[in-house]
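Chain residues, written in single-letter form:
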Amino acid sequence: MEPVVLRNIVSRTLSFKFKKSPLQGFSKCKARCLSTSAQPQPEKINNVCRTHENDPRNHTLDHVGLYYTIPVEEINGVLKNCVHPWHLRLMNTFNEYGMMVRKPAVELNGYIQNVNLNHPIPRFVLYGRTGAGKASILLHTMQRFHRDGWLILSVPWAGRWVRGWYKEVSESTYKAGRYDLPTDGAEWLAHFKHQNEGKLANLKTTSEYIWTKRENAAVGTPIEEIINFGQTRIKFSSDCVGVILKEIRNQAQTLGLKVLVVVNAVNAFYTQWNQLNALKNSGKKKLHPSEISLIHNFKKMLTPTWTNGVAVCTVEEACNNLNERENYTPLYLLKQEGFEALDPFVPILVPEYTEKEALSTINYYIEHNWIQNAHGRTEEGKKEIIFVSNNNPFKLYQVCTSL
Amino acid sequence: MATSLSSVQKASKIILFARQLFYLKSCSHTAFKLQPCFFQVSPMSQYSPIFLDPIIDKDELKKELPENDLRRHRPLKAPNTDCSISPLFYDPTVQKFTNIMMKSGNKERVRLIMRKLFENLKHMQIARWNQATTLEEKSAIECDPLVLFKTAIDNCKPLLLTQRIVKGGIAYRVPVCARPKEQTFRAMKWILESCRDKERRIPMEDKLTLELMDAYNHQGKAMRKKQEVHKICESNRAYAHLR
Amino acid sequence: MALSSPLPTFFCRPNRQLYSRLCLTIFPALNRKVTTISSDLVNGGNQSVTKSDNQPSAKAITISRSMKAYMEKVKKHDELMKTEVADYEIGKRHLANIMGADPDTFTQEDVDRAIEYLLPNGLFDKKARPMLKNPYEIYPKRKAAEFTFEGRPFHWLYFTTSPNYYNILYDITWKLEGLKTLEDQLYNAKKDISSESKPLNIASSEWITFDQLKNKVLEKIQEKDYQHFIVMMERLASHPLASKEEEFIMQYRNKLHLASAALIAPPVETDADGRSFSWAEGRRKDSWAQVKVYKPGTGQVTINEKDLSYFSNLLYRETLLFPLSVTGLLGQVDIVADAKYGGPTGQAGAIRFALSQALCAFVSDDIKEQLRLSGMLTRDPRKRERKKPGQEGARKKFTWKKR
């Protein structure tokens, strides 16, 4: 079976074979001067694991399974707080911010590109097994549309808003029966400001907002001012988030803003979290997600009541209670309430690695000296790693950590 | 450093003497080598004594067994769950260390710690490797976590240990040469103990990473413990004959 | 009526001449290969025996009192055996008649089968079930007279109470001494010992068991005597020149068969879709597993209708990798497993065992032997140790307080 697959890889990557990257040449001497590591293998055609097309706008299905590099500015800018800690640590160690082009990412970007923005916002839901790479696809999409100048509203991990040990929960100043998360609100404001630096200049409020008797925001206040206010007076941070989201919704059409809403683990918005670290009010009652003002505001972003935007969500098993993780499909994880709220949406399955992708990852690791075991560099060893990881990207990383 | 070296030299003399004692009886043209007999088997073993240890090495498996090999005729034991024929997932030293670290049979957790330990070691060394500019500097940095781990343990292995022997109502701490198995065990135990003495809030894998890197560079608490033991043996060398 | 067991060569060797003469004089009708004395030739009550023709002296031999007592005992025993044998023959004929078979051709096997049929018995120990056997098989064998009519023992080691046993030890010692002298000679002559003789192949045989040794010497010996015998024999056999005494050593060894010859592979079957497969069952701890292996396949694994993610712990996936890695069939077979009972360790072990057996159907004899040598074809007999009364667990004791 295997040679056929390898030949496919070869035919697809033939165009990249002759372009020798400086890093590939570098990796050879890396392996050679290691006293204990195996002698560097002669450069094989099937060891190709990277593409020189570093602009996500130009990625097509031909680039699937290959690694491209992200500039540091974008990692620290638009993608900040969105990369998994382990992934970021790995990239830092490699001294190169490489990420794989996955098929669902290319597909998703194609859909979004061809969307008619004058219609109410379309919604895409990414689903797949834990560790299949849903969050990485969000990174790819975010990077791609950031380059096109879209406004990005991202929630790196929605589960954070429904849980926490000793987290401060206060009654909402705006509406009774709703609860604010001051620190989380302020955090999100900072995150939003960081992601969209230089894109918020035109945004101004269209109505007056009165925080207290003395403090208010008049019509025409720049959004940045509201962000600053929310960060200094964190009591009102959740309300500030609400204001910003509302203004964006209202003005997207008129100002010609293109908005990308990204929510990782959207099922946390619709399912009750019942574990010990669930958020509770002063009466020790566990809070339903809809009672939390941040979530309430963000849910509005996912409704098709506005235009000039796209919403991309993922559903995660980890945000459901322990006894509700049998399946990874959106219907099961979102439950009735969430499914009805998001329906109709475009489900996109994020599959686990194909053999080509897994081999590409292993080769990428080998290139960066991450796999030190001599047996791991042989064809047989690679097969064994893939078997044990069961093609799951995160498991593959876990297996390779100790090699 | 100079004093510790000289103590090692003296210790090696003691070892020579001890070995002479040990092999004095079996002086002949050819040393008789007795086969494993039925009464040498562990009393609680579930296997019948005719069962032999399996071969867990692919290269050795592929070689044909010699004519007079017992394994041609005898049944072999089944390897444990944590044994693997692939050198990727199995190393006897790592397995031993894992089992020594394990508490109340929670192997999954210990294996996770080991995995993170190796990850830390790799992160640390590869980042340094990337920072190094010249080829010489790079070749001096060891990136293989397994080699780092084994070297660190080798560095902590004591040559001598003391044994408590009572003669005439007085207990003496008699220096004896440590057997290879005991050396490994002591080295691992000291490394683990020194990690467990540290701040409790730091994860075990981080403490182990620091301790192993220290031991790799001939420093750290476990190394000091070894030198202490050597010092005691050195001061008690007058009792060596009581062994 | 005499027993068929041959007289051991070591029997009464120092007094062989005297013994043979006695045999000729007292029991001229019997040949020498007799272990029990038959009484129908002894004239009960007669104090003397007339000499035979080839004996020149006419002097009557006086029989000592002990000899007389012995002869009476033998006579009694013989009579008993006679009646027992007669009973046995009658019983056999009765049985044959009941079963409607020919009594003359009714063999011992037929007897056993008939008894199993007529007297079905559920007792666990086979020795406790009813049986009909030749009395000579059931009654213990007895030694012949060990002394002359004057009461003088034949054997020079008679007063050790187990002369045959000590004679063996004596032989071993002398043979070992002989080898040592030979070795010294070779050493002095500066000859190479290894060229003089090949090392003895002791792997293909094992020492006789305790019971076999007891039958050989026909004496009461203890377990520790047997251990002594083994130690002495080991010493002789491990001598570099031991092959010179091969004939002697091999008298005390049982031949072993090649373990690889006993390996059986399950048959290759074909299912409704025309795919060839083999299946096997395996157990480990409390778990049970059945594995079907399809070849050719693509490396798919199904365990209890899930894929390899059935085992979330990587350890168990590595366990399953073992037989696949040995056989080199990783990625070439499809595996369908059912596992029941017990925990993940037991189930993984059971699947591994069943998988290795099922894989035997598709591999060459060489690889089958490799599987055996790596212990894959052995059922792991280790189980949870039971809790003991009066203590906290299997080994742990209750905390002991003085008062």
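Definitions and cut-offs
- Residues numbered from 1 in each chain as written.
- Chains lettered and ligands numbered in written order.
- Predicted model: local features only at pLDDT ≥ 70, side-chain atom pairs only at ≥ 80, totals over all residues.
- UniProt positions renumbered as here; feature names shortened; annotations may be inferred.
- pLDDT = per-residue confidence, 0-100.
- Contact = placed C-beta atoms within 7 Å.
- Nonpolar A, V, L, I, M, F, W, Y, C, P; charged D, E, K, R; others polar.
- Axes fitted to C-alpha atoms, helices over the stretch in contact; angles between N-to-C directions.
- Helix = DSSP H or I, 4+ residues; strand = E, 2+ residues; numbered from the N terminus.
- Parallel < 35°, antiparallel > 145°, perpendicular 65-115°, else oblique.
- Left-handed = near helix turned anticlockwise from the far one by under 90°.
- Core = buried A, V, L, I, M, F, W, Y, C linked by C-beta atoms within 7 Å.
- Buried ≥ 20, exposed ≤ 12 C-beta atoms within 10 Å, placed from the backbone.

Naming follows an unreviewed UniProt entry, where chain C appears as Small ribosomal subunit protein uS9m of Biomphalaria glabrata. Listed under Sequence similarities (unreviewed entry) in UniProt, the entry text for chain C is "Belongs to the universal ribosomal protein uS9 family." Under the UniProt heading Subcellular location (unreviewed entry), the entry covering chain C gives this text: "Mitochondrion".

Chain A is annotated in an unreviewed UniProt entry as Small ribosomal subunit protein mS29 from Biomphalaria glabrata. Taken directly from UniProt, the Subcellular location (unreviewed entry) text for chain A runs: "Mitochondrion". Per UniProt, chain A has the following entry under Sequence similarities (unreviewed entry): "Belongs to the mitochondrion-specific ribosomal protein mS29 family."

Where the model shows low pLDDT, its predicted coordinates should not be examined in detail. Residue and element names in this part refer to chain C. Averaged over all residues, the pLDDT of chain C equals 81, while 84% of them reach at least 70. Contacts of residues 1–53 to residues separated by more than four positions or lying in other chains number 65 contacts, the stretch itself having pLDDT below 50. Model confidence for the complex is summarised by a pTM of 0.76, with the ipTM given as 0.79.

Before going further, it helps to spend a moment on the interface of chain C and chain A. Taken together, the contact between chain C and chain A spans eleven residues of the former and nine residues of the latter. Of the residues in the side of chain C that touches chain A, the class split is four nonpolar, four polar and three charged.

Residues and elements named next belong to chain A. It is at 8 Å that the axes of helix 13 (residues 379–389) and helix 14 (residues 393–401) come closest, and there the two elements cross at 125 degrees. With respect to each other, helix 13 and helix 14 are oriented oblique. As for the relative orientation of helix 13 and helix 14, their crossing is right-handed in sense. Along the contact surface, helix 13 presents Ile-385, Val-388 and Ser-389, while helix 14 presents Lys-395, Leu-396, Val-399 and Cys-400. The class makeup of the residues in the contact of helix 13 with helix 14 is five nonpolar, one polar and one charged.

Time to look at the nonpolar core. Ranked by internal contacts, the top residues of the largest apolar core, which has 142 residues, are A:Met142, A:Leu260, A:Val262, C:Val291 and C:Ile351. Here this core gets eight residues from one element, more than from any other, and that element is helix 11 (residues 344–359) of chain C. Other than its neighbours up to four places away in sequence, A:Leu260 contacts A:Met142, A:Phe145, A:Trp150, A:Ile152, A:Val310 and A:Val312. In terms of nonpolar packing, the next biggest core, distinct from the first, is built from 24 residues, B:Phe97, B:Met101, B:Leu121 and B:Cys195 among them.

Our next topic: the interface of chain B and chain C. Residue-level contacts link 35 residues of chain B with 37 residues of chain C. Grouping the amino acids of the side of chain B that touches chain C by side-chain chemistry returns 16 nonpolar, nine polar and ten charged.

The next point concerns the environment of C:Gly331. All names here are of chain C. Summarising the element assignment, Gly-331 is placed in the loop between helix 10 (314–327) and strand 7 (334–340). With 17 C-beta atoms packed within 10 Å, Gly-331 lands in the partly exposed category. Separated by 31 residues in sequence, Gly-331 and Gln-300 place their C-alpha atoms 7.6 Å apart.

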